Structure formats: structure tokens, C-alpha cells
Amino acid sequence: MRSDTTIVRILGAAVSAFLALLALPGAMAPPATAGEMVRPMARAPIAMSAPTTAPALSTFPLTVTVPALQGSTTGRTAVLLASRDGSTYTRLSTWKVPPGGRVKEFNVEAGEALGRLYLRTEVKGKGLAPQRKTIALRVTNPYRPTEPDNATIPEAGVPVTGTLFGNHPIVGTPEYAGTVRLWDVSTSWNQIERQRGRYTWDALDREVAKAEAAGQQVLLVLGGTPEWAAVAPAPGAEFAGPGSSMPMTDPRLFEDYVRAVVNRYGGRIAAYQIWNEANISQFWRGTPELMADLTARANRIIKDAVPGATVVAASTGSRWVKGFTEFYPDYLAALREFNWPIDAFAVHLYPLPGGTPRERAFLLGMMNTALRIAEAPPLPIWETEINYGITNPGTGDAARSIPDAEIPAYVGRTYLDSLRYGIARSYWYAWTPEYRLLGIQMWNGYLATQAYGRVREWVIGSTFHGCSTAGVVVQCNFDRNGYPFYVAYTDDGSAATVSRPDGMTVFQTMDGATQAAGAQVAISGTPVLIAGPVP
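Residues numbered from 1 in each chain as written. Predicted model: local features only at pLDDT ≥ 70, side-chain atom pairs only at ≥ 80, totals over all residues. Heavy atoms only, no water.

Topic: the pattern of salt bridges
Turning to step 1, where the next piece is worked out: With the rule as written, the count across this model stands at 22 salt bridges.
Turning to step 2, where the next piece is worked out: We note a salt bridge from Glu-207 to Lys-210, for which the minimum N-O separation is 3.3 Å. Placement of the pair is Glu-207 and Lys-210 together in helix α2 (residues 202–214), with a separation of three residues, close to one helical turn.
Turning to step 3, where the next piece is worked out: Residues joined by salt bridges that share partners form a network here, namely Glu-147, Arg-358, Arg-413, Asp-417, Arg-420 and Asp-491. (Salt bridge = Lys/Arg side-chain N within 4 Å of Asp/Glu carboxyl O. Helix = DSSP H or I, 4+ residues; strand = E, 2+ residues; numbered from the N terminus.)

Here we look at the environment of Leu-114
Turning to step 1, where the next piece is worked out: Considering the arrangement of structural elements, one finds Leu-114 in the loop between β7 (102–109) and β8 (115–124).
Turning to step 2, where the next piece is worked out: The exposure class assigned to Leu-114 is partly exposed, which follows from its relative accessible area of 45%.
Turning to step 3, where the next piece is worked out: When the C-alpha positions of Leu-114 and Ala-54 are compared, they lie 9.6 Å apart, and in sequence the two are 60 residues distant.
Turning to step 4, where the next piece is worked out: If sequence neighbours within four positions are ignored, Leu-114 has contacts with Ala-56, Arg-84, Val-139, Thr-140 and Asn-141. (Buried < 20%, exposed > 50% of the residue type's maximum accessible area, 1.4 Å probe, protein only. Contact = heavy atoms within 4.5 Å.)

Overview of the sheet that holds strand β6 (residues 90–97)
Turning to step 1, where the next piece is worked out: Taken in spatial order, the five strands of this open sheet run β3-β9-β8-β5-β6, and their pairing is mixed. Every other strand in the sheet has two partners, leaving β3 (53–55) and β6 as the edge strands with one partner each. When strand polarity is set aside, the average angle formed by the axes of neighbouring strands in this sheet is 25°.
Turning to step 2, where the next piece is worked out: Sheet analysis places β3 next to strand β9 (residues 131–140), joined by three bridges and oriented parallel. Following the sheet pairing, Thr-53 is matched in β9 by Arg-138. (Pairing = 2+ DSSP bridges. Axes fitted to C-alpha atoms, helices over the stretch in contact; angles between N-to-C directions.)

Some thoughts on the confidence of the model for the chain
Turning to step 1, where the next piece is worked out: In this model, the chain carries a mean pLDDT of 91, and residues with pLDDT of at least 70 account for 91%.
Turning to step 2, where the next piece is worked out: Note that residues 11–36 has pLDDT below 50 and, in this model, 51 contacts with residues that lie over four places away or in other chains. (pLDDT = per-residue confidence, 0-100.)

With respect to the packing of aromatic side chains
Turning to step 1, where the next piece is worked out: On inspection of all chains with the given rule, the structure shows 24 aromatic pairs.
Turning to step 2, where the next piece is worked out: Relative to Tyr-452, the ring of Phe-165 lies with its centre 5.5 Å away and its plane at 90°, an arrangement referred to as edge-to-face. Residue Phe-165 is found in strand β11 (residues 165–169), and its partner Tyr-452 is found in helix α8 (residues 447–459); the two are separated by 287 residues along the sequence.
Turning to step 3, where the next piece is worked out: You can call Phe-165 buried: its relative accessible area is 0%.
Turning to step 4, where the next piece is worked out: Between Tyr-328 and Tyr-331, the ring centres sit 6.1 Å apart and the planes meet at 55°, which makes this aromatic pair tilted. (Phe/Tyr/Trp six-rings, centres within 6.5 Å; stacked < 30°, edge-to-face > 60°.)

Describing helix α7 (residues 407–421)
Turning to step 1, where the next piece is worked out: Over its 15 residues, α7 runs 21 Å from end to end, which matches the ideal 21 Å to within 8%, given 1.5 Å per residue.
Turning to step 2, where the next piece is worked out: Taking burial as the measure, the 15 residues of α7 include 15 buried ones, the bulk of the element.
Turning to step 3, where the next piece is worked out: Taken from the residues just after α7, Gly-422 is the one with a positive phi, measuring 90°. (Expected span 1.5 Å × (residues − 1).)

Examining unusual backbone geometry
Turning to step 1, where the next piece is worked out: The omega torsion across Gly-223 and Gly-224 is 5°, close enough to zero to call that bond cis.
Turning to step 2, where the next piece is worked out: Following Tyr-429, the chain continues into Ala-430 via a peptide bond in cis, with omega recorded as 10°.
Turning to step 3, where the next piece is worked out: One can find Ala-430 in strand β19 (residues 423–431).
Turning to step 4, where the next piece is worked out: With phi around 70°, Tyr-176 is a residue other than glycine that occupies positive phi space.
Turning to step 5, where the next piece is worked out: Structurally, the position occupied by Tyr-176 is in the loop between β11 and β12 (179–182).
Turning to step 6, where the next piece is worked out: Owing to a relative accessible area of 39%, Tyr-176 belongs among the partly exposed residues under this scheme.
Turning to step 7, where the next piece is worked out: With a phi close to 45°, Glu-277 is a non-glycine residue in the positive phi region.
Turning to step 8, where the next piece is worked out: Mapped onto the fold, Glu-277 is located in the loop between β14 (271–273) and α4 (288–305).
Turning to step 9, where the next piece is worked out: Glu-277 sits in the buried class, given a relative accessible area of 9%.

Shown next, in the form of C-alpha cells:
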């Protein structure tokens, strides 16, 4: 029986046009010629094999087997058709089937539309009764939380620098942070330019000076819209003040503000983020396309004034899948039209209130899917906010408080997983004595701060060589000045053991206690450092 492979692409420029690009003249299989004698013959049925589900915009395999025709030398013609409603079919491929049968393999692109996809094979031959086989599969939303792959690490490894550890100063100066993101400290556009052309720089001057004194790089969020510049009052709640979520009457107003900032601060501000959580209506009610346009405008102004500055895309929240799906893919598509006018992507990986670091990682998997589908360039990903237990700020409900016993695990794993999965920076939200919307508080002397400092102490100044996984056990490999060390933990928080790597003699827990390492080292969801003597 003959076998071969054909690529079939079911493409669609929009959800409503799932099969538009493959619609061919005379798409329906031709009927038998009138008056043609049809000869009944016992035949094995057609076989079709495909997965029961396929994510939109993915490629899935389809195998069609047309069996041999016993006792006949008659050739046949097979047609593959597809339908969205099960009644109107579009022809995708036609091929000849010899008497000995034929196996035909297809790689089918699922297209954009969600829902049922019907695939049908019809086989006809002169004087033979037609054969038909129909199967159905479900095309699903591709933007779903999914476990990401470990990052691919170059052979030389990746240097671990202080900018991996970001924070948000709401009160005071964060300890151990290598970079700070200025947001929620009266430094947004609507708080600086309260009247057109009149700027109040006091808060931003203060925060930039504090960061400089602490040796911390500054990331400034540029949005949101001043009330005087908004096209209209917002139709609902806004998190950053009246008008802040609305498009501006003229994008040049945003350009003027960006120009004023970069002219004042120059290289004192290392990075600029266009907007905060632009996929959430309380922060942005404009279109993804306008946000991309603002991104391109800001990029041009910033690069002209400070060529070495980093331009960071508008951040997106990810735990509400619907909000992510409805905004972020279109924003990426629009950025592509502007030839990617950014230096880094940004995402907020807050899991739902009951979520753990593992759920956070799955949200990154969804982000990676969006970037892959958009054919985005391999730019760094910055996680510009992270915490756990956080509730919807619009409800005013208190967060799920993370128990003290779990805080070192959550904080430590956040930064180790950032290395593991290829997140360049993670900005903890936030540095303040108490914020009832957050499940983990970080402030001077707090348990979370100790954990933040501990994992930073372990990895800063080292070279990261990637993480290996065996079931739920994760072991991350580092060296410092040529001397190797390891950090191990379990993905699901369970208890396990790892074999002590050759040459390692001690292990250290997140509380700083150091013990001699036996042949097996006990681990859990809280990371453990395994190291050897350093001359």
C-alpha cells in the first residue's frame, strides 16, 4: 500500500474566516456522472486518524488510509474536505489512489477559529459506489496556562546580575534590590503633568535620587493619561486616577510628556515601560493598536535622546485568561507592524489567590505561546510585578495570606524559576510594611525579605548553567569563579531526596543554617543550596 505525506494549511485571517484562504473553485467533490453504472463491491472502510483536540494556530497530524480494492485494477480519486458546520464542505486536497490502496499523511494547520472542525474523505472511482468517512475534532483556545520549557542556556552559561532582583518602593528603599520599578509612588504621567505643559517633578526627583543612592537601576512606567488629556471620562472604575485608563485626545500629548521626561533625566533612568497592565480596562480602555502606536512613538523619542535606554512593552496581566486573550495577541500583532519597537516584553504572572509558584510558571507558558504565535523576536521577558495570594483590586477584598512556613519557598522559587525559565528580571510587588491586597508582605526585617536576600546571596555573581528536572525534582546548576554549586527543590512542594553531587560537602537552607551533606540531601518546595569547599 502506497504511503506519502502532504502539508495542508487551514489558515484564516480572522476567527470568522477559518477556511477562507483554502476555499477553491468547485470545492465540493463532484457527483457521479448521470446514468453511470455503479458496481457494488465489498471494500474495507476508509480510516482517518487525528487528535480529538488541537489548539488554534497549531499544526496537527492527520492520516487517511484508503484500503486496497480487491480483485480490481480500477484507480480511484480521493478528496479531503473540511467544514465548520458539518454541512458545507471545502476541498483541501485531491489525490489518486491506486488499486493497492494508499496511505496519505497530512500536517494540518488548525487556523484561528475555535469550535468544531469536521474532516471528510470521499473516494470515487468509475463504476464504483462512493465511499465516505467523516471525523470531527475540537479547535481550542491556544492561550491557556501550560508548563513552559526550561530555558536553553548557552554552553558558557548566563551571568547572574543584581537586576534579576527587582522591587517596587512604595515606602522607603527596598533592601537587596538591584533595580526598582516606579509605579504607585506618584510618578505616573497623570500625577506629574496635572495641567498641560506644567510638570511637577518632586516625586520622580525623589525616587530617582533614592535609587541612585542605593545603586539601583530605575524602570519608570510612563502611563496613565491625565484627566485633561483623556477623550472622555472613564465609563467605570480606574486604578490610577480619573481619566488614567482612557485614550488621549491626541497621541502627540503622550509624545510631549515622554520627551519632557527623557530630556530631564537622560541616562539616570535606565528603562522605560510604556504602560501598566494594558489588557485590564481599569488601566487602559484604548485599543491594542493604539497602545502599539504609543509604544512606537515613545521608543523613537527615548532612543533619540538616550540610545542606551531600554524600552519595555506595556505589561499584561495573565491570570485572567480571557482578558489576556482579548488584548495581548492583538498588541503583539500591532507591535510586529511597527517592526517591534521595544527591547523587552513584560508580563505580570500573579496567579489566582490560591495559586503557587507552579501556577505562576504555567502563566509564563501562556505568554510564551503568544510570543511564538506572533513570531516575536527573542527579546528578554521582564516580569514587572509578582506576588501571591493577591485578590482582584476592584473588589477591595483582602488577599489570601501566605503562611510563614511557605513564604521562603514562594520567594526563593520565584527567582530560581525566573532563571530556570528565562525571565530576565522579576520585580517583587511591593516594598511596604503592609498592603492588604498582597499575600506576602516584604519590608525591613520581614521573613520574605530574608528569603529574598538569601536566594540573592546564593546566586548573584555566579554563572547559571540551567536546571535539570527528574519528575518533580528540580536541580539548578551554577558555578562561582569556577567552583560549582547547586540549588534543588521540588516543583510541587513535596518531600524528596537528591544524591549529593560529586565534590559537594554541605547544604544550606533558606534560613541560613548550614550542615554537612550526606550521600542523600533532603529537599522540599523550599530551595536548598548544595555546595563544596571554596579555597
